[in-house]
Amino acid sequence: MQLISYIVTALLFMGPCVLAYLGWQVEGKNVGFITSFYPSFYLLLLTHFYCLYRSKKYRQVNKPVTWLFVICCTCYIFFKLLFGRDIPRMVLFNSIVLPAMYGSFFTYFSAVRHQMKIQHLIIALYIINSLLALLERLTLQTLFPLDLAYENSDFTIANELYSDLFRSTALLGHPLSNALITAIVMGFILISNLKNFHKYTLYMFGFVALLCFNARGAMLISGLSFIIYVFYNLTNAKMKFSSKLNIVIFMLICMIIVVYLLEEGYGGRFFEHDDVSEDDSIMARIYVWLMFSYLDLKAFLLGINGDEIERLAIRTMGMIHVENWLILFILNMGIILTIAVILFFIPIFRQSLKNYTIFQTLFVLGVCFGVASTNNSLASGVQAISMFMVCAYAFKYNHKDIIIRLFN
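Residues numbered from 1 in each chain as written. Predicted model: local features only at pLDDT ≥ 70, side-chain atom pairs only at ≥ 80, totals over all residues. Heavy atoms only, no water.

(A) Representation of the overall build of the chain within the structure. Helix and strand counts for the chain stand at 20 helices and zero strands. Looking at the chain as a whole, 53% of its 408 residues are labelled buried. Pairs at least 24 apart in sequence give 78% of the contacts found in the chain among residues at least 6 apart. (Helix = DSSP H or I, 4+ residues; strand = E, 2+ residues; numbered from the N terminus. Buried < 20%, exposed > 50% of the residue type's maximum accessible area, 1.4 Å probe, protein only. Contact = heavy atoms within 4.5 Å.)

(B) Here's a closer look at the environment of Leu45. Looking at the secondary structure, you find Leu45 in helix 3 (residues 39-54). In this structure the C-alpha to C-alpha distance between Leu45 and Leu98, which are 53 residues apart in sequence, comes to 8.6 Å.

(C) The arrangement of the nonpolar core in detail. Ranked by internal contacts, the top residues of the largest apolar core, which has 126 residues, are Phe188 and Phe345. Looking at this core, the element that brings in the most residues is helix 11 (residues 196-213), giving 11 residues. Here Phe188 is in contact with Tyr356, Val364, Phe388, Cys391, Ala392 and Phe395, once residues within four sequence places are set aside. (Core = buried A, V, L, I, M, F, W, Y, C linked by side-chain atoms within 4.5 Å.)

(D) Just the environment of Phe93, in detail. Structurally, the position occupied by Phe93 is in helix 6 (residues 89-105). We classify Phe93 as buried; its relative accessible area is 6%. Taking the C-alpha atoms as reference points, Phe93 and Ser36, separated by 57 residues in sequence, lie 9.5 Å from one another. For Phe93, the contacting residues outside a window of four places in its chain are Phe37, Phe41, Cys72, Cys73, Tyr76, Leu98 and Pro99.

(E) Geometry of the packing of helix 10 (residues 175-190) against helix 11. Two numbers describe how helix 10 lies on helix 11: the axes approach to 9 Å, and their chain directions differ by 165°. When the axes of helix 10 and helix 11 are compared, the pair comes out roughly antiparallel. Here helix 10 runs over helix 11; the crossing is left-handed. Only Lys199, Tyr200, Leu202, Tyr203, Gly206, Phe207, Leu210 and Phe213 of helix 11 make contact with helix 10, whose side of the interface consists of Pro175, Asn178, Ala179, Thr182, Met186, Ile189 and Leu190. Looking at side-chain class alone, the contact of helix 10 with helix 11 contains 11 nonpolar, three polar and one charged residues. (Axes fitted to C-alpha atoms, helices over the stretch in contact; angles between N-to-C directions. Parallel < 35°, antiparallel > 145°, perpendicular 65-115°, else oblique. Left-handed = near helix turned anticlockwise from the far one by under 90°. Nonpolar A, V, L, I, M, F, W, Y, C, P; charged D, E, K, R; others polar.)

(F) Structural view of helix 7 (residues 112-139). Look at helix 7: 41 Å from first C-alpha to last across 28 residues, which is about the 40 Å you get at 1.5 Å a residue. Leu140 lies just past helix 7 and shows a positive phi near 55°. (Expected span 1.5 Å × (residues − 1).)

(G) Structural detail: unusual backbone geometry. Even without glycine at this site, Leu140 takes up a positive phi of about 55°. Structurally, Leu140 is set in the loop between helix 7 and helix 8 (147-150). One non-glycine residue with positive phi stands out, namely Ala170, at about 50°. Counting through the fold element by element, Ala170 comes out in the loop between helix 9 (158-162) and helix 10.

(H) Fine view of a nonpolar patch on the surface. Judged by side-chain polarity, Leu220, Leu224, Ile227 and Phe231 come together as a nonpolar surface patch covering roughly 380 Å² of accessible area. Along the chain, Leu220 turns up in helix 12 (residues 216-234). (Patch = residues over 30% accessible without salt bridge, like charges linked within 9 Å, V, L, I, M, F, W, Y side chains within 5 Å. Areas by Shrake-Rupley, 256 points an atom, 1.4 Å probe, with all protein chains shown as cover. Salt bridge = Lys/Arg side-chain N within 4 Å of Asp/Glu carboxyl O.)

(I) Here's a closer look at the packing of aromatic side chains. In the structure shown here, the tally under the stated rule is 30 aromatic pairs. Measuring from ring centre to ring centre gives 6.2 Å for Phe188 and Phe395, while their planes differ by 25°; the resulting arrangement is stacked. In this pair, Phe188 sits in helix 10 while Phe395 sits in the segment after helix 20 (384-394), placing the two residues 207 residues apart along the sequence. Note on accessibility: Phe188 and Phe395 belong to one class, buried. Put simply, the rings of Phe188, Trp325, Phe329, Phe345, Phe349, Tyr356, Phe369, Phe388 and Phe395 pair up and form one aromatic cluster. (Phe/Tyr/Trp six-rings, centres within 6.5 Å; stacked < 30°, edge-to-face > 60°.)

(J) Focus on helix 1 (residues 2-11). Residues Ser5, Val8, Thr9 and Leu11 constitute the buried set of helix 1. The buried residues of helix 1 occupy an angular sector of 160° when projected down its axis, which confines them to one face. Considering only its buried residues, helix 1 is in contact with helix 3, helix 6, helix 7 and helix 20. (Arc of directions from axis to C-beta.)

(K) Summary view of the packing of helix 10 against helix 20. Axis separation between helix 10 and helix 20 bottoms out at 9 Å; the angle between their running directions is 15°. As summarised for this structure, helix 10 and helix 20 are arranged roughly parallel, according to the angle between their axes. Relative to helix 20, helix 10 is oriented so that their crossing is right-handed. Listed contacts from helix 20 to Leu180, Ile181, Ile184, Val185 and Phe188 of helix 10 are Ala384, Met387, Phe388, Cys391 and Ala392.

(L) Seen up close, the side chain of Ser192. Its location among the elements puts Ser192 in the loop between helix 10 and helix 11. Engagement of the side chain of Ser192 in a polar contact is seen with the backbone oxygen of Ile189, the distance being 2.6 Å. (Polar contact = N/O pair within 3.5 Å; in protein donor to acceptor, adjacent residues only side chain to side chain.)

(M) Representation of the state of the cysteines in the model. Tallying each qualifying case throughout the model produces zero disulfides. The closest cysteine sulfur to the non-disulfide-bonded Cys75 is located on Cys72, 6.7 Å from its own sulfur. (Disulfide = S-S within 2.5 Å.)

Okay, structure coming up:
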């Protein structure tokens, strides 16, 4: 079981491009049925049913996950037979079922030593991903280009192909997916029990990676969340004055480094002054909500197929991409199934975050869904919520006597 936990954790840092390089095409227009699921899906599905059989406590704790899996499978078959259309598997299984199974799987473990090993593994892979993003930015070459994952699809990213504003892909593929997953890990690192120097150093690794991904929303939200966290700690009466002074000094150093990198062209899209493209981007995010006005009651309740979504997006916004994961959920699955999924995920999130304080819970949820609100990653099969579930397990102990000696 422990070996499986290490494997599925490592697989979280293998995005579509890395998997495609290894022969597992999870994204694309003509992707096969078997490979359309992440490899971790099969491992976790088998272990989930094994744990259901072996452990009564596991069955009781993870009833919502089991029911969610049954409902999603039933709806997929129901929509196929009755309406002749598929709910996209990347939405139903990679974005919904897989994160739930990640959350349930790690409830099987209780040893602090195992939790610390998972934490070590996440931090190590997080550093590798961040350093790879920086290396790609320095060399202006991607190790795992997007063409690997999307060679058989209509997916294009014009900015990467025709703009001087280079965007790294690192291990996780699309820059926006990279930014979301990196920001989630950054949020958990910030509320962890690491020493402040280690914590802020690791956070800087991630923020530099965000600059390399050129993800404006992630840069802004991560920067604001860092400021909120720092001021929250500075107002803590129990913290020593020397510790507060060190935080302020380190924050100033971080600001100097970020300003320098911005002046060197990192995160260049953050300061773009193309008024036309900016206005179009802002208006598109407003007009996207008007898509519902073109739906009849049946379409709103049960969803529509992908071609209809594209036509509706062109009619409403003049573009085929819908940059809002919640709207895509509703359009693909309908409002009924979307609400059901949200209701099932409430106890799953509560179980995963039960060892956290109210501030810590709101902080990591705010970072996750704040960054996610700037793009459609959660509705495109990205393993962001899966990473959230594993981080919730890996960083759940916040006692002073449990400290990672990663740098010692």
